[in-house]
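For reference, the chains in residue letters:
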Amino acid sequence: MMSLGIYVHIPFCRSKCGYCDFSSFAGMESLIGSYLRALAKEIKSFELFDELREVDSIFIGGGTPSLLSGSELKELTSGIKEKFMVSPDAEVSIEVNPSSAGRSYMEQLIEAGINRVSIGVQSFQSKTLDKLWRQARHDDAAATVKSAKIAGFKNISVDLMFGVPEQTLYDVEKELEIAISISPEHISAYQLTLAEGTTLFEKVKKGAEILPDEKLLLQMSQKVSDSLLSGGYRHYEISNFAKQGMECRHNLHYWRGGEFIGFGAGAHSFYKGRRLYNDGGVKKFIENSNSNLPVFEEIEEDENQRLVDYLLMRFRLIDEVIDFSVINQRFNIDFLKLYLKEITKLESFGLLKLSDSGICLTRKGLSLLNNVLLEFVKVR
Ligand code: SF4
């Protein structure tokens, strides 16, 4: 029986970053108390309609969960532990904003049962932070990692971003150099993607900001991969690198198609084969909870969409073979027979590796992931 992951969404932020289209809101901190009460109620009343399942990861994300006090977080993790069978060695992560966490706060996180911090650094350089409209200053990030280490965290992740307006290859090299020198156990390095409606998107559309061109982006991506590999990190997912054995257990749940339950406004769940979704509005989430209305809605997906979604997540994991037997059992199909023509074509283009037991993408296939997936959409 596969273990479960639990995600908790804290949608509050002090200000809205220019590129952000996450479910997060600035200026609503006065609702934190009511939101946490609604969250506690949702966790307590969640209907666990199957046999007992071990929870091996909890992820408190946002938004800026580090806006919560140590005691609020302790109450939250205790509520989860009362309801679910949380394994004693579960990975319990929280996203931390560098501008909101010093050593004493880090100690309170440990006291709340949290054993992994994911620090939203994005950049160690002021000019890049300004382009992203981040509140944190360039030296906050390194200080936050240091505080986390002194407080006793043994599992620290930092998020970096490349492809930011006016960022040069040298800037990216510098980011990587600093990140490697502070030696976190895990590094996520994302290419900036601009969602419509964000401030930065509008600026780029009007020509007020210019993104790096394709050639430079490829060089940056290659630099990220080369530097982190030589810095002792394993490239295990498109945007994620870890020291040996320090891969993010929670995200591996998502990427391997495992089950997880999401609590809070805008949270998604995949539980007992059903995809569930909570409305993204903070006020609606609180109101629904006060009126005892169900907060979850179900997302309907056809079989082919489910398969493509599954492949999308699984293919992201580098060099990890997807077993035919697992796909066959999960979707009740003969995958190889059904997609033999497409698989043979992708293999002949050097995009996919085929073995007796399964398939995985080559590096070239990974860089053309969307094109690869289209082959699996067309067949049915
Ligand atoms: S801190 Fe994170 S969630 Fe909040 S606005 Fe910035 S990017 Fe979005």
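Procedures and definitions
All residue numbers refer to position in the chain's written sequence, counted from 1. Selection of residues for local features in this predicted model requires a pLDDT of at least 70, selection of side-chain atom pairs for listing and counting requires 80 or more, and totals for whole chains, interfaces and linings are taken over all residues. Helical segments are the DSSP runs of H or I of at least four residues, strand segments are the runs of E of at least two, and each set is numbered from the N terminus. Each radius of gyration reported is based on C-alpha atoms, and the globular scaling rule is 2.2 Å times the count of residues to the power 0.38. Residues with at least 20 other C-beta atoms within 10 Å of their own are called buried, those with 12 or fewer are called exposed, and the rest are partly exposed. The C-beta atoms themselves are positioned from the backbone. Our contact criterion uses C-beta atoms placed from the backbone: two residues qualify when those atoms are within 7 Å. Each domain span listed reflects an automatic or database assignment of domains. Just so you know the grouping, Ala, Val, Leu, Ile, Met, Phe, Trp, Tyr, Cys and Pro go in nonpolar, Asp, Glu, Lys and Arg go in charged, and all remaining residues, Gly too, go in polar. For each residue, a C-beta position is placed from the backbone atoms; the residue is near a molecule or strand when that point lies within 6 Å of it. Two strands qualify as a pair provided DSSP detects at least 2 bridges between them. Here, axes are lines fitted to C-alpha atoms. For helices the fit covers the stretch in contact, and angles between N-to-C directions go from 0 to 180 degrees. Roughly parallel here means an angle under 35 degrees, roughly antiparallel means over 145, roughly perpendicular means 65 to 115, and every remaining angle is called oblique. Handedness of a crossing follows from how the near helix is turned relative to the far one, being left-handed for an anticlockwise turn of less than a right angle and right-handed for a clockwise one. By definition here, a helix of n residues has an expected span of 1.5 Å times n minus one. Values of bend correspond, residue by residue, to the angle between axes fitted over the seven residues ending at that residue and the seven starting there.

### Examining the overall build of the protein
- Summing up its helical and strand segments, the protein has 15 helices and 17 strands in all.
- A compact globule built from 380 residues would reach a C-alpha radius of gyration of about 21 Å, and the protein, at 21 Å, matches this within 12%.
- Dimensions of the protein along its principal axes, counting C-alpha atoms only, are 55 × 55 × 40 Å.
- A buried classification covers 38% of the 380 residues belonging to the protein.
- Contacts in the protein between residues far apart in sequence, at least 24 positions, make up 70% of those at least 6 positions apart.

### Side note on the domain arrangement of the protein
- Here the domain parsing of the protein yields domain 1 (4-255) and domain 2 (303-378).
- At the interface, six residues of domain 1 touch six residues of domain 2.
- Put simply, the parts of the chain that give the side of domain 1 that touches domain 2 at least two residues each are β9 (234-237) and α9 (249-255).
- When the residues that make up the side of domain 1 that touches domain 2 are grouped by side-chain class, the tally is four nonpolar, one polar and one charged.

### Comments concerning the site of the ligand
- In the vicinity of the ligand, the contacting residues are Cys 13, Lys 16, Cys 17, Cys 20, Phe 22, Ser 24, Gly 62, Gly 63, Thr 64, Asn 97 and Gly 120.
- Residue composition of the shell around the ligand, grouped by class: four nonpolar, six polar and one charged.

### Notes on the sheet that holds strand β17 (residues 358-361)
- Pairing in this open sheet of three strands is antiparallel, and the strands run β15-β17-β16 from one edge to the other. Of all strands in the sheet, those bounded by a partner on one side alone are β15 (322-323) and β16 (352-354).
- In the sheet, β15 pairs with β17 via two bridges, with the strands oriented antiparallel. Pairing of Asp 323 across the sheet is with Gly 358, part of β17.
- Where helix α13 (residues 335-348) meets the sheet, its contacts fall on β16 and β17, and the angle it forms with β16 comes to roughly 115°.

### Regarding the packing of helix α2 (residues 70-83) against helix α3 (residues 103-111)
- Direction vectors running N to C along α2 and α3 enclose 20°, while the axes themselves pass 9 Å from each other. Classified by the angle their axes make, α2 and α3 are roughly parallel. Seen along the crossing, α2 lies across α3 with a hand that is right-handed. Side by side, α2 and α3 meet where Gly 70, Leu 73 and Lys 74 of the first sit next to Tyr 105, Gln 108, Leu 109 and Glu 111 of the second.

### What about unusual backbone geometry?
- Omega for the peptide link from Gly 62 to Gly 63 comes to 20°, which places this bond in the cis form.
- Within the fold, Gly 63 resides in the loop between β4 (54-62) and α2.
- Notably, Trp 133 is not glycine yet its phi reads approximately 60°, a positive angle.
- The exposure class of Trp 133 is partly exposed, given the 15 C-beta atoms found within 10 Å.
- Phi at Glu 166 takes a positive value of approximately 70°, unusual for a residue other than glycine.
- Note on placement: Glu 166 falls in the loop between β7 (156-162) and α6 (169-182).

### Overview of α13
- Between the first and last C-alpha of α13 there are 18 Å, a value that for 14 residues agrees with the 20 Å anticipated at 1.5 Å per step.
- Taken as a whole, α13 carries its principal kink of about 55° at Lys 341.
- Here α13 has its buried residues at Phe 335, Tyr 339 and Leu 346.
- Backbone geometry just downstream of α13 places Gly 350 in the positive-phi region, at approximately 75°.

### Overview of the environment of Val 158
- In this structure, Val 158 sits in strand β7.
- Judged by C-beta crowding, with 28 C-beta atoms within 10 Å, Val 158 ranks as buried.
- Separated by 28 residues in the primary sequence, Val 158 and His 186 have C-alpha atoms spaced 6.5 Å apart.
- Here Val 158 is in contact with Ile 119, Val 121, Val 145, Ala 179, Pro 184 and Ile 187, once residues within four sequence places are set aside.

### Quick look at the environment of Leu 366
- Mapped onto the elements of the fold, Leu 366 is located in helix α14 (residues 363-367).
- Residue class for Leu 366 comes out partly exposed when judged on the 17 C-beta atoms lying within 10 Å of it.
- Between the alpha carbons of Leu 366 and Glu 29 there is a distance of 40 Å; along the sequence they are 337 residues apart.

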